[in-house]
Every structure is written in structure tokens, then in C-alpha cells.
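Commentary on secondary and tertiary structure
The primary structure of each chain is shown beneath.
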Amino acid sequence: MSQLRLAIACAITAVAACGGGNSSDPTDAGTDAANDASFTTGTYTATWGPYTIPPGTEDTRCVEVKLGNTDNIQVHEINNVLGTASHHFIVYRKADGPEQTTPTPCNPFTGTLDPANGAPLMITQRGDETLTLPEGVVFTLKPNQLIRLELHYVNPSDEPVTVEARAEFRTVLGANQEADFIFAGTPDIDLPSGTQTQTVGPTYLPLVGLEGANVFAITGHTHQLGKTVTVATATSETDPGTQVYGPANFNWDEPETTYHTPSFQIPQNGGFRFSCTYVNNTGRRVGFGEGVDDEMCFFWLYYYPSQGAKVCAHSDQFNQPNGIDVCCPAAEGDVVSAAACQYLRNGGF
């Protein structure tokens with residue numbers, strides 16, 4: 001069972017034993033920086049590697065490096081460039097801490113779970129991808145910002161491969177809106193072997209407290225069996241919604257990021273309705289997991305004004321009438337999410 005499934009089961013069956021309780025209010029590293037009027041412009045780069053990957057290896061490794069900006073900066077654009085064997089690359093801002101320049105094994109996505117530890121800025125699966133924020137919208141970074149770079153790599157070959165990845169931060173002045181990030185989906189994946197198309201969903205995921213947020217970009221995510229990802233805004237489980245993501249030629253390895261100009265809003269008392277389709281021709285049953293031989297049905301989106309970064313999931317596996325919704329960091333009073341988030345922070349996604 002994946003860590004996410006374990007976390008949800010733990011939260012439902014034994015909240016107290018799993019360290020449940022209310023979370024504190026999210027801490028946004030950008031908010032603290034914005035309170036200081038000293039800003040400057042420039043282009044700054046954070047680099048992962050170079051690092052030599054042994055043959056037949058899959059792993060996730062992180063570095064944590066100082067960006068080198070002497071003042072607060074307002075980042076309007078991030079350009080990520082990945083090397084061969086990269087599966088996905090996540091860029092985080094961290095609250096503080098020492099540098100760790102050697103790629104070191106790390107638990108994927110855990111930087112999204114503890115608001116006191118920072119927040120994700122961008123996920124990339126494409127070899128070269130630029131995220132451009134709307135006019136007047138930025139990620140604010142504090143002086144000498146600590147950046148965490150998380151790279152999930154796969155080397156299926158018989159030879160070592162040297163990998164390097166980098167994130168370039170491009171800045172502006174005078175912006176007045178702070179952007180943020182949401183990662184959402186479901187662990188409810190159970191694909192029997194077969195050549196027919198199989199569908200996970202449609203799944204409804206409400207996003208309580210994010211009503212009215214402006215979403216300007218969205219990306220779907222599966223692994224290699226994935227054929228389509230579709231996402232719609234919806235006001236309820238029965239609402240078919242309005243489609244906001246559904247590339248005609250979805251490429252799981254380099255999924256399209258769809259930009260919305262103007263931005264669309266998360267509905268009042270609503271959220272998202274999403275589906276993923278697969279063809280499982282592996283000759284084995286495939287379930288949810290972070291490895292390339294497992295599958296996922298997720299999407300990530302960029303929005304403003306910031307109400308904190310979130311990782312959210314819906315599951316129907318636990319005999320609850322309307323399923324279970326978990327969001328990290330948890331809202332005050334949401335004991336199920338609080339327990340699940342604590343479990344994931346301790347053990348990884």
C-alpha cells in the first residue's frame with residue numbers, strides 16, 4: 001500500500017495514534033519577504049548536479065542551495081531545464097536551513113506538506129519548460145533564498161548516465177499579487193491487465209477555503225500507461241462542470257501545461273472533477289505509486305492570490321458515504337487531514 005493510502009487509512013481509523021490534531025496556520029515564505037520594502041531585479045539560477053546515475057536505477061534525490069539574491073525578489077518567470085533520465089523535477093522555496101549541494105535521497109513531495117518548511121513553486125516533466133505568471137503576479141523570495149530542487153530520475157540502460165538540472169528565476173518590480181501552487185488527485189488506481197482503455201474517475205475533489213482563487217495554469221500527470229487527463233471546475237459531485245484541462249494529444253512523459261488568459265476561478269463551495277484513462281498492456285495488475293511502474297492520476301495548478309500551497313486528494317476506498325478528502329496542510333478542525341499530513345511528513349509520500 002502506498003504512503004498516501006496508509007496515511008488516509010491511519011487518519012480514519014486511529015486519528016489520535018497517528019498524531020492527529022489541528023494544524024497551525026500556513027506560513028508563506030513569500031509573505032514575510034513582501035513585508036520588507038527592499039526589492040531588486042536580476043536573474044538567478046539554482047542547479048541540481050551534475051550527478052552520475054548507475055545503470056538500472058530509479059530514485060528521488062534533492063539538493064538545497066542558496067539562490068544568492070542579496071535583497072527580496074519578485075519572481076515572474078521560472079525556466080527549468082532537465083537532463084536525460086529525468087522523470088520530474090520540483091522546485092521549492094524553503095523557509096531556512098543549511099545548504100546541501102550533493103544530491104541526497106529524499107522523500108518525494110514532502111516539501112509540500114509542512115508550511116513552516118516552505119512551499120513548492122513549480123513542477124516540470126518537460127526537458128525545457130518556462131512558467132510565466134500573469135502580469136502583476138509573482139512568487140516573492142527573501143534575501144539569499146534557500147531553494148530545494150527535487151529530481152526523480154530513471155536510468156533503465158546498462159550504462160551510467162550523468163544528469164544535471166537547473167531552475168532559472170527571472171524577476172520584475174512592482175507586482176502586487178502573490179502566486180501559489182496546488183497538487184491534487186486520487187490514489188484510487190487499480191488497473192487489471194488488458195489492452196482496453198480503463199478510466200479512473202470522474203472523481204470530485206472539493207477545495208474548501210479556495211473558492212474564488214484565480215487559476216492561470218494547469219498540468220495533468222500520469223505515468224507511462226496514461227492516455228488522457230481531463231479536469232473540470234465543478235460545484236458538486238453531480239455537476240459535470242466546465243472543462244479547464246484536456247489536451248487532445250496528452251503525452252504522459254512531457255504533459256502539456258494549459259494556460260488560461262484570463263484566469264478561471266475555483267467555484268464557490270466547489271472544486272474539481274477529473275478523470276484519467278489508461279491502457280494497461282504490462283501483463284500485470286497496476287496500482288497507485290510514485291515509481292514509473294506504478295500509476296498516478298493527479299494534476300497541479302498555479303493560482304493567485306496566495307492562500308498557501310496545498311496537496312489534496314480524494315479517495316473512495318475507506319467505506320465512507322461520500323469518500324474521504326484530505327488536504328495538506330490541514331485546515332483548522334480537519335482532524336482527518338491533520339493526521340494524514342502528520343503521517344506523510346514523518347514517512348514521505
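Structure report, in brief.

Here is what the cut-offs are and how they apply
Position numbers for residues start from 1 in each chain and track the written sequence from start to end. Confidence filtering applies because this is a predicted model: local features only for residues at pLDDT of at least 70, side-chain atom pairs given and counted only at 80 or more, and all residues used for totals across whole chains, interfaces and linings. Each side-chain value is derived from all of the structure's non-hydrogen atoms; neither hydrogens nor water enter the calculation. Put simply, DSSP marks the helices as runs of H or I at least four residues long and the strands as runs of E at least two long, and each gets a number from the N terminus on. Type-normalised accessible area, obtained with a 1.4 Å probe on protein chains alone, sets the label of each residue: buried when under 20%, exposed when over 50%, and partly exposed for intermediate values. What sets the accessible areas is the Shrake-Rupley method with a 1.4 Å probe; for residues, cover comes only from the shown protein chains. A strand pair is defined by DSSP finding two or more bridges across the two strands. To get an axis, fit a line to the C-alpha atoms, keeping to the stretch in contact for a helix; angles then go from 0 to 180 degrees between the N-to-C directions. Here a polar contact means two N or O atoms within 3.5 Å. Within protein one must be a hydrogen donor candidate and the other an acceptor candidate, and residues neighboring in sequence count only if both atoms are side-chain atoms. A contact between two residues is defined here by any heavy atoms of the two lying within 4.5 Å. One side-chain nitrogen of Lys or Arg within 4 Å of one carboxyl oxygen of Asp or Glu is enough to make a salt bridge. We call a pair of cysteine sulfur atoms a disulfide when they lie within 2.5 Å. The nonpolar core is taken to be a set of buried Ala, Val, Leu, Ile, Met, Phe, Trp, Tyr and Cys residues, with the residues joined through side-chain atoms within 4.5 Å.

**Comments concerning the overall build of the protein chain**
Each helix and strand counted, the protein chain has three helices and 23 strands in total. A buried classification covers 55% of the 349 residues belonging to the protein chain. A total accessible area of about 14,000 Å² is found for the protein chain, and carbon and sulfur atoms account for 45% of it.

**Examining unusual backbone geometry**
Here the bond from Gly-49 into Pro-50 is cis, since omega is 10°, no more than 30 degrees from zero. With respect to the helices and strands, the residue Pro-50 is situated in strand β1 (residues 43-53). Going from Tyr-304 to Pro-305, the amide bond is cis rather than trans, its omega being -10°. Mapped onto the elements, Pro-305 comes out in the loop between β21 (297-304) and β22 (310-315). Here Asn-144, not a glycine, exhibits a phi torsion of approximately 50°, which is positive. Note on placement: Asn-144 falls in the loop between β8 (137-141) and β9 (146-155). Owing to a relative accessible area of 36%, Asn-144 belongs among the partly exposed residues under this scheme. Here the phi dihedral of Asn-269 falls at roughly 55°; this positive angle occurs in a residue that is not glycine. Residue position: Asn-269 is located in the loop between β18 (257-265) and β19 (271-280).

**Some words on the sheet that holds strand β17 (residues 242-245)**
Pairing within the open sheet is antiparallel, and its four strands lie in the order β14-β19-β16-β17. The strands lining the two open edges of the sheet, one partner per strand, are β14 (194-206) and β17. The mean inter-strand angle of the sheet, taken between neighbouring strand axes irrespective of direction, is 25°. Looking at chain direction, β14 and β19 are connected through nine bridges and run antiparallel. Among the inter-strand pairings, Gly-194 is bridged to a residue of β19, identified as Asn-280.

**A word on the side chain of His-76**
Positionally, His-76 belongs in strand β3 (residues 73-81). In this structure His-76 comes out as buried when scored by relative accessible area, which is 17%. A distance of 3.2 Å separates a polar atom in the side chain of His-76 from the backbone oxygen of Val-137. Those residues in contact with His-76 that sit more than four places away from it in its chain are Leu-131, Thr-132, Leu-133, Pro-134, Glu-135, Val-137, Val-138, Arg-170, Thr-171 and Val-172.

**What to know about the pattern of salt bridges**
Following the criterion strictly, the structure yields nine salt bridges and no others. Among the ionic pairs, Asp-59 bridges to Arg-61, the shortest N-O distance being 3.2 Å. Among the ionic pairs, Arg-148 bridges to Glu-64, the shortest N-O distance being 3.6 Å. Of the two residues, Arg-148 sits in strand β9 while Glu-64 sits in strand β2 (residues 57-66), which places them 84 residues apart along the sequence. With respect to class, Arg-148 is no different from Glu-64; both count as buried. Via salt bridges that share partners, Glu-64, Lys-94, Arg-148 and Glu-150 belong to a single interconnected network.

**Brief notes about the state of the cysteines**
Scanning all chains against the criterion turns up three disulfides. Bridging Cys-276 to Cys-297, the disulfide has an S-S length of 2.0 Å. Here Cys-276 and Cys-297 share a disulfide; its torsion about the S-S bond, 85°, makes the bridge right-handed. Taken together, the positions of Cys-276 in strand β19 and Cys-297 in strand β21 put the pair 21 residues apart, joining distant regions of the chain.

**Remarks on the nonpolar core**
Trp-48, Phe-89, Leu-149, Phe-169, Leu-207, Val-231 and Phe-272 are the most contacted members of the largest nonpolar core, which totals 75 residues. In terms of residues, this core owes the most to one element, β21, which gives eight residues. Those residues in contact with Leu-207, other than ones at most four positions away along the chain, are Ile-182, Ile-266, Gly-270, Gly-271, Phe-272, Cys-312 and Cys-327. Counting residues in hydrophobic clusters, the runner-up holds seven residues, among them Val-326, Ala-338, Ala-340 and Cys-341.

**Section: the sheet that holds β21**
Ordered by their spatial adjacency, six strands build an open sheet running β18-β15-β21-β12-β22-β23, and the pairing between neighbours is mixed. With one partner strand each, in any of the chains shown, β18 and β23 (324-328) form the two edges of the open sheet. Adjacent strand axes in the sheet meet at a mean angle of 20°, parallel and antiparallel pairs treated alike. Pairing between β22 and β23: five bridges, direction antiparallel. Across the sheet, Ala-313 pairs through a bridge with Val-326, a residue of β23.

**Quick look at the environment of Val-172**
By secondary structure assignment, the location of Val-172 is in strand β10 (residues 161-172). With relative accessibility at 27%, the residue Val-172 sits in the partly exposed group. Distance from Val-172 to Thr-40, taken between C-alpha atoms, is 8.1 Å for residues 132 residues apart in sequence. Those residues in contact with Val-172, other than ones at most four positions away along the chain, are Thr-41, Gln-74, His-76 and Val-138.

So yeah, pure geometry; function would need other evidence.
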